[in-house]
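# Summary of structural features
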Amino acid sequence: MRILWPAVPVWLVAVALAVMAFVVMSSGAPSAQADNGPHIKGWGATADGCAACHRAHRGQAEPNLVQDQASLCASCHGPAAAGSSLDVIDGTNKSDGGALRGGGFTNARINTADPSLPPSSAIGVLAAPGLPAGSTHSVSGTPQTIWGYGAINAVADPGKSSFNLACGKCHDPHGDGNYRVLRKVPAGLLSYGAPLPAFMPDMTGLLTDESPKVYSTTNYWDVSYTDQWQAAIQSPPGPVADTEITGRQVGKWCTTCHTRYWASTGSADASSGDAIFKFRHTTNPAGRDTHGRAGPVTLSGSCLKCHAAHGSNATAATGVGMYSGSVEQPDGSHTGNGSGDSRLLRMDNRGICQKCHNK
Amino acid sequence: MTATAWPQPEGPPGRTSRMPGWAKLVVVLIVLAALGWVVLLGTQYLKTGKPISELPGAQIPGLAGQGEQYRSSVFGVAQPLGVAVGRDGRMYVTESAGQRMVRIFDPQGHPLSSFAPPNTTANGRVPVYIAVSPQGDVYVTDRANDALDVFSADGAFLRAFDPAEVRLLRLVGAWHPMGVAFDKDGNLYVTDVSADKHRVLVFDPSGTLKLTFGSQGTDEGKFWYPNGLAVDDRGRIWVADGNNGRVQAFDAHGKFLTAIARGFAKGDLAMPRGVAIDGNNHLFVADTSAHTVKVYDISGDRPEFLRDLGEAGTGDGQFRFPNGVAFSGGRLYVTDRENGRVQTWSD
């Protein structure tokens, strides 16, 4: 009997062997910090990582921190991704080319024109490099207003002004064991040790860590990923007694800042009594349907169903007869011809509404 | 301002001018505004066009003869990261914001031209580190495309650096080049930050992979986001181990020799990124979050800290997140990322 092996080209065998050799050679033990990077809880008494971000006596920014925070974080999480695989500026995971869930601060990869409608309603991902982010949670260091922070108020009050939004206000760079090292209560809002005001949601017991970490997204509509936004029944923020909080509580987290955006079911028809945030789209209607057409739709992930956390490339039309880009901010700014600001929405114009209602 | 400049018809004695008080105030204000405008224009001019050779630089008084002094800066680069100098003294700088080009400047600091990885748009590329081969070709890593591209000295795209081994590495997702450097023999050194496989790859001048060392971790000899690297006269390889906050030295076979560690003491590092070596056994380390360039004497077996160049700030000789360093022709070049410029220092 003839030997069959020469039928396989020698070069193929060589390549196969070489590939195998490389796989072996290039595999390495996963690093100890593969999860939270340098943001690990409990550094211990011999911690040395502090020096990466803090100078003991020659710090240049509060608190004893190297200059402006976004630049510090971008030293690792910037487009060069020189100290992490997570590039939040271009919204890309540099180790696998995937998109990031938060969108991006300069470019984002949300397919803001995805045509799917209920029952699927997927929101796809753009291939890298994505498109410029027109709307962001701006971390430039300029003082801004946290829209809606404060108790329901019959006197027009758009929120807390002069707040300096920064990466470290939402995230705990030291690591706190929470999902995406998010702080349970944003930094810089309350003075040290002050009790939580009644209008702020109680985050005790909420947010868990995700292990192993998953960063890429394949569908921006799917925010029901695992259980980091933990389900629990908590006393609600605001005056409305609410017994329906059973979904994932992204909404609660966002409303530690935007407190008056928290709206229980039926809030579109019932006045909250607030001068500005009077009628509000529900942000916590676990298991509610959209009144007919689309059938039951869970709003789990509430705020993040409609918004991206960092920045969105969605556009909002301005100009004669166009509405979306002309909606004024809660303090009345950006009126007239409109700013074109898409408010971190995940779809162009108000396409996001159609993802559930399909009117 | 002298009062005689104003017409003085007859007036009460003792008064030099009949202008009412408010009018004088207006004149003074206008003059002040004009002066302010001139000063502003002047600084604008300094920020944009002044060539290196014409700028005296801010000599720090009392330090002459004590090491490198700030000389001047080249502006007009958006968040620059890497810098290298060509054989004819031309400077190449990579940008990580704006157009994300590689910009070429002549030795006097005048912009010559710019180039970018082929078939990319501004937001689809991130040129990071850069090195010039002994032949004068320009090697640029592109973090967005996991590429190491080779250009001519004038910026014409020649080829992607992808010998067979690199193609295979790519296939298994193990090619994420970051820092690049050449030794005097033309061997190419690359830091790689592939997931869980942070390490150094060494290619001979023909492009054959001849050495790989290091793995991801915090122990001696391991790396956590290695960035820039440089090879000294003795063939030792100095690698900025970014997230571990140290610079490690290896012999030509990749054996760990010594390290400069992270800490709060003088000479300790914070977040080292670019490294360069001059002809006198000086190692320069751009310490990004400490906003300085640290200088060490590496003539012995253990590096000895000499001095910090610069401090945090936006003024002459001050840095905001310095990232890349290059040494050539007696000059030290430092990319000053958040200040959008490249500083030059020299003895």
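Note that this is a predicted model, so its numbers are computed, not measured.

Turning to the overall build of chain B, a few remarks are in order. Across its full length, chain B holds two helices and 26 strands. By the burial criterion, 56% of the 347 residues in chain B qualify as buried. Pairs at least 24 apart in sequence give 42% of the contacts found in chain B among residues at least 6 apart. By element, 55% of the accessible surface of chain B is carried by carbon and sulfur atoms, the whole surface being about 14400 Å².

With that settled, consider the overall build of chain A. Looking only at helices and strands, chain A has seven helices and ten strands in total. Looking at chain A as a whole, 45% of its 359 residues qualify as buried. Here chain A displays about 17400 Å² of accessible surface, and carbon together with sulfur accounts for 61% of that area.

What follows covers the side chain of A:Arg109. All names here are of chain A. Tracing the backbone shows Arg-109 in the loop between strand 4 (107-108) and strand 5 (131-132). Here the side chain of Arg-109 touches Gly-97 through a polar contact of 3.0 Å, landing on its backbone oxygen. Of note is the side chain of Arg-109, whose polar atom sits 3.1 Å from the backbone oxygen of Gly-98.

It is worth spelling out the environment of B:Gln135 at this point. Residue and element names in this part refer to chain B. As for its placement among the helices and strands, Gln-135 is situated in the loop between strand 6 (127-132) and strand 7 (138-142). We classify Gln-135 as exposed; its relative accessible area is 57%. Taking the C-alpha atoms as reference points, Gln-135 and Gly-186, 51 residues apart in sequence, are found 8.3 Å from one another.

If you trace the backbone, B:Val325 turns up in strand 24 (residues 322-328). Look past the residues within four positions of B:Val325 in its chain and what remains in contact with it is B:Val83, B:Gly274, B:Val275, B:Ala276, B:Phe284, B:Ala286, B:Val293, B:Leu332, B:Tyr333 and B:Val334.

Before going further, it helps to spend a moment on the pairing of strand 13 (residues 209-213) of chain B. Residues and elements named next belong to chain B. Relative to strand 13, strand 12 (residues 199-203) runs antiparallel, the two being bridged by four bridges. Residue pairing in the sheet places Phe-203 in a bridge with Leu-209 of strand 13. Where strand 12 folds back onto strand 13 in an antiparallel hairpin, the turn is made up of five residues, including Gly-207, whose phi is positive at roughly 95°.

Quick look at the state of the cysteines now. Simply put, disulfide is the name for a covalent bond between the sulfur atoms of two cysteines. Residues and elements named next belong to chain A. Inspection of the entire model under this criterion finds zero disulfides over all chains. In this model Cys-53 remains outside any disulfide bridge; the closest cysteine sulfur is found in Cys-76, 7.2 Å from its own. Of the residues examined, Cys-53 reaches a relative accessible area of 28% and is grouped as partly exposed.

This part takes up the sheet that holds strand 19 (residues 282-287) of chain B. Residue and element names in this part refer to chain B. Across the sheet, which stays open at both edges, the four strands sit in the order 18-19-20-21 with antiparallel pairing between neighbours. Every interior strand has two partners, whereas the edge strands, strand 18 (272-277) and strand 21 (304-309), have only one. The mean inter-strand angle of the sheet, taken between neighbouring strand axes irrespective of direction, is 25°. Where strand 18 and strand 19 come together, four bridges link them in antiparallel fashion. Pairing of Val-275 across the sheet is with Val-285, part of strand 19.

What follows covers the sheet that holds strand 4 (residues 102-105) of chain B. Residues and elements named next belong to chain B. Spatially, the four strands line up as an open sheet ordered 2-3-4-5, and their pairing is antiparallel. Either end of the sheet is taken by a strand with one partner, and the two such strands are strand 2 (80-85) and strand 5 (111-115). Shown here is a sheet whose adjacent strand axes are inclined to one another by a mean of 20°, direction ignored. Pairing analysis gives four bridges linking strand 3 (residues 91-95) to strand 4, with the strands arranged antiparallel. Bridge pairing in strand 4 places Tyr-92 opposite Ile-104.

What counts, and at which threshold
- Residues numbered from 1 in each chain as written.
- Chains lettered and ligands numbered in written order.
- Predicted model: local features only at pLDDT ≥ 70, side-chain atom pairs only at ≥ 80, totals over all residues.
- Heavy atoms only, no water.
- Helix = DSSP H or I, 4+ residues; strand = E, 2+ residues; numbered from the N terminus.
- Buried < 20%, exposed > 50% of the residue type's maximum accessible area, 1.4 Å probe, protein only.
- Contact = heavy atoms within 4.5 Å.
- Areas by Shrake-Rupley, 256 points an atom, 1.4 Å probe, with all protein chains shown as cover.
- Polar contact = N/O pair within 3.5 Å; in protein donor to acceptor, adjacent residues only side chain to side chain.
- Pairing = 2+ DSSP bridges.
- Disulfide = S-S within 2.5 Å.
- Axes fitted to C-alpha atoms, helices over the stretch in contact; angles between N-to-C directions.

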